[in-house]
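An overview of the molecular structure
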Amino acid sequence: MQDKLIARAKELLAEGKVQKVVGWQKGLFEDDITPAVFTSAEELDKGFVFNKDCKANLSKYLVRITREIEVKKSTTRMNNTMAKQRDPNAAEAPIPQEVVLVFLKPSDSLSFTQLLKENRITRSDVYAIGVPCQDTLDGGAVCDSCKGKKHVSCDELLGVKEDEEVTPNTERMEMVAKLEAMTPDQRFEFWRGEMSRCIRCNACRNVCPACTCEKCVFDNNALYTTQKVAETNFEENLFHIIRAWHVAGRCTDCGECSRVCPQNIPLYLLNRKFIKDINEIYGEYQAGADMESKPAMLTFDAEKDPETTIVYSRSKDGGEE
């Protein structure tokens, strides 16, 4: 499969259809695979890999790359306008046209589509190829993040059948259900045990495709939220709870937050709890599944939307605790 991806990338580069390739390369160790940008056939032959360790979701890297492409275009247009003002006969510089090739696994393609919906990526600057989940390359089953998901918004598929049936993942909410079955005190102790290990490295935020704010609240030097060392238990909880709220309805459940966490905190459970509640209260919704649907947070239906009292009615004790 790796050879097929390299061959297709070389072909697109040679044809001039793309000028960059976003993929994976080996790091210091065999299983240390990192995202990388390739610009030539030589670089692809030397460093490109695609194996079971290529778990990184590449969609977020397109935010910065396509922004740089659009800045080049707008800068050239501005320079042409200014040149015309100085000299009406001035020749116009050609607008640079650059396209980046990206390889997307099923779960990655949903993140890609969600970023398109939020206008964080310019679609014309990207050529997307859908590839199999990395866990299937050795004959295994799809990973938990890709399970139940089908490629969307791709220009072509490689190693994937276009009409392949995808069975919905009915297992991903099992741990969430177990947490819901706990008493409030038990849940609190569970999350205190997990979040107390957080070292505020910001890896979860930095890798998350849904976290693309120009200025994150946790980078605001005017607030205490930028501090790396939590002084109280409340501050340890604050970071992850606020982040979960910020991506609610936009999280595609790609699992990147948990994958990169050096403390192995199951952060995906927070996001899945929001997903589960949204599905039960507002109806089934999968972020990034298409370009048309809107998340519950961006819609309002006076007839169907629940009242705020649902918080109490859905609690096991009717809101007594």
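Let me begin by describing the structure that accompanies this report. Values in this document were obtained by computation on a predicted structure and should not be read as measured data.

**Brief notes about the overall build of the protein chain**
- Scanning the protein chain from terminus to terminus reveals 11 helices and 5 strands.
- With the C-alpha coordinates of the protein chain rotated into their principal frame, the extents come out at 75 × 55 × 45 Å.
- Looking at the protein chain residue by residue over its 321 residues, the buried ones come to 43%.
- A total accessible area of about 17800 Å² is found for the protein chain, and carbon and sulfur atoms account for 52% of it.
- Averaging the coordinates of the 44 positive side-chain charges in the protein chain and doing the same for the 52 negative ones gives two points 3 Å apart.

**With respect to the pairing of strand 1 (residues 20-26)**
- Most of strand 1 sits inside the fold, with 5 of its 7 residues counted as buried.
- Sheet topology places strand 1 next to strand 3 (residues 100-104); 3 bridges connect them, and they run parallel. By the bridge assignment for strand 3, Val-21 is matched with Leu-101.
- Sheet topology note: the strand 1/strand 2 (residues 33-38) ladder contains 6 bridges and is antiparallel. When the sheet's bridge partners are listed, Val-22 is paired in strand 2 with Val-37.
- Between strand 1 and strand 2, which pair antiparallel and follow one another directly, the connecting turn spans 6 residues.

**Notes on the environment of Pro-35**
- Considering the arrangement of structural elements, one finds Pro-35 in strand 2.
- Here Pro-35 falls in the partly exposed class, since its relative accessible area comes to 26%.
- C-alpha of Pro-35 to C-alpha of Cys-208: the two residues are 173 residues apart in sequence and 14 Å apart in space.
- Excluding anything up to four places from it in sequence, Pro-35 contacts Gly-23, Trp-24, Ala-56, Leu-58 and Tyr-61.

**Looking at helix 1 (residues 2-15)**
- If you check helix 1, its first and last C-alpha atoms are 20 Å apart, about what 14 residues at 1.5 Å a residue would give, namely 20 Å.
- Burial in helix 1 covers these residues: Leu-5, Ile-6, Arg-8, Ala-9, Leu-12 and Leu-13. Down the axis of helix 1, the sector holding all buried residues measures 165°, keeping them to one side. Looking at helix 1, the residues exposed on the side facing more than 90 degrees away from the buried face are Asp-3, Lys-4 and Ala-14.
- Residues of helix 1 that are buried sit in contact with strand 1, helix 2 (41-47), strand 3, strand 4 (126-130) and strand 5 (156-157).

**Describing the state of the cysteines**
- All told, the structure shown has 0 disulfides when counted by the stated rule.
- Looking at Cys-143, it has no disulfide partner, and the nearest cysteine sulfur is the one in Cys-133, 3.5 Å off.
- Look at Cys-143 and you get buried, because its relative accessible area is 13%.

**Brief notes about empty space enclosed by the protein**
- Under the definition given, this model contains 5 cavities of 30 Å³ or more.
- In this structure, the largest cavity spans a volume of roughly 160 Å³.
- Elements represented by at least two residues in the lining of the largest cavity include exactly helix 4 (106-117), helix 9 (256-260) and helix 10 (268-282).
- For the lining of the largest cavity, the element with the highest residue contribution is helix 4, accounting for 3 residues.
- By residue class, the composition of the lining of the largest cavity is 9 nonpolar, 5 polar and 5 charged.

**Section: the nonpolar core**
- Counting 39 residues, the largest nonpolar core has Trp-24, Phe-48, Leu-101 and Phe-103 as its most contacted members.
- Secondary structure elements with two or more residues in this core: helix 1, strand 1, strand 2, helix 3 (61-86), strand 3, helix 4 and strand 4.
- When near neighbours in sequence (up to four residues on either side) are disregarded, Phe-48 contacts Gln-2, Leu-5, Ile-6, Gly-23, Trp-24, Phe-38, Glu-43 and Phe-103.
- Counting residues in hydrophobic clusters, the runner-up holds 17 residues, among them Leu-179, Ala-210, Cys-251 and Leu-270.

**Things to note about the sheet that holds strand 1**
- Taken together, 5 strands build an open sheet; the order of strands is 2-1-3-4-5 and the sheet is mixed. At either end of the open sheet lies a strand with only one pairing partner, and these are strand 2 and strand 5.
- Pairing geometry for strand 4 and strand 5, over 2 bridges, is parallel. When the sheet's bridge partners are listed, Ile-129 is paired in strand 5 with Glu-156.

Procedures and definitions
- Each chain has its residues counted from 1, running along the sequence as written.
- For this predicted model, a pLDDT threshold of at least 70 governs which residues receive local features, and a threshold of 80 or more governs which side-chain atom pairs are given and counted, while totals over whole chains, interfaces and linings are taken from all residues.
- Calculated side-chain values reflect all of the structure's heavy atoms, with hydrogen atoms and water omitted.
- The way it works is that DSSP assigns letters per residue, a run of H or I at least four long becomes a helix, a run of E at least two long becomes a strand, and they are numbered from the N terminus.
- Relative accessibility decides the category of a residue: with a 1.4 Å probe and only protein chains considered, values under 20% of the type maximum give buried, values over 50% give exposed, and everything between is partly exposed.
- Here the accessible surface of atoms and residues is derived via Shrake-Rupley with a 1.4 Å probe, and residues count as covered only by protein chains that are part of the display.
- The charge count includes Lys and Arg as positive and Asp and Glu as negative, but it does not include His or the ends of the chains.
- By convention, charge coordinates are those of NZ in Lys, CZ in Arg, CG in Asp, or CD in Glu.
- Note: two strands are recorded as paired if DSSP finds a minimum of 2 bridges between them.
- Whether two residues are in contact is decided by their heavy atoms, any of which lying within 4.5 Å being enough.
- Take the residue count of a helix, subtract one, and multiply by 1.5 Å to get its expected span.
- Read the arc as the range of directions from the helix axis to the C-beta atoms.
- Throughout, disulfides are identified as pairs of cysteine sulfur atoms within 2.5 Å of each other.
- Only protein atoms enter the 1 Å grid used here. Points where a 1.4 Å probe fits but cannot escape make up a cavity, open sets with protein on both sides within 12 Å along at least five of seven lines make up a pocket, and a residue lines them when an atom lies within 4 Å of a point.
- Grid points are joined across faces, edges and corners, and a volume is the space filled by probe spheres set on the points.
- Amino acids outside the nonpolar list (Ala, Val, Leu, Ile, Met, Phe, Trp, Tyr, Cys, Pro) and the charged list (Asp, Glu, Lys, Arg) are all regarded as polar, and Gly is one of them.
- What we call a nonpolar core is a set of buried Ala, Val, Leu, Ile, Met, Phe, Trp, Tyr and Cys residues that are connected through their side-chain atoms within 4.5 Å.

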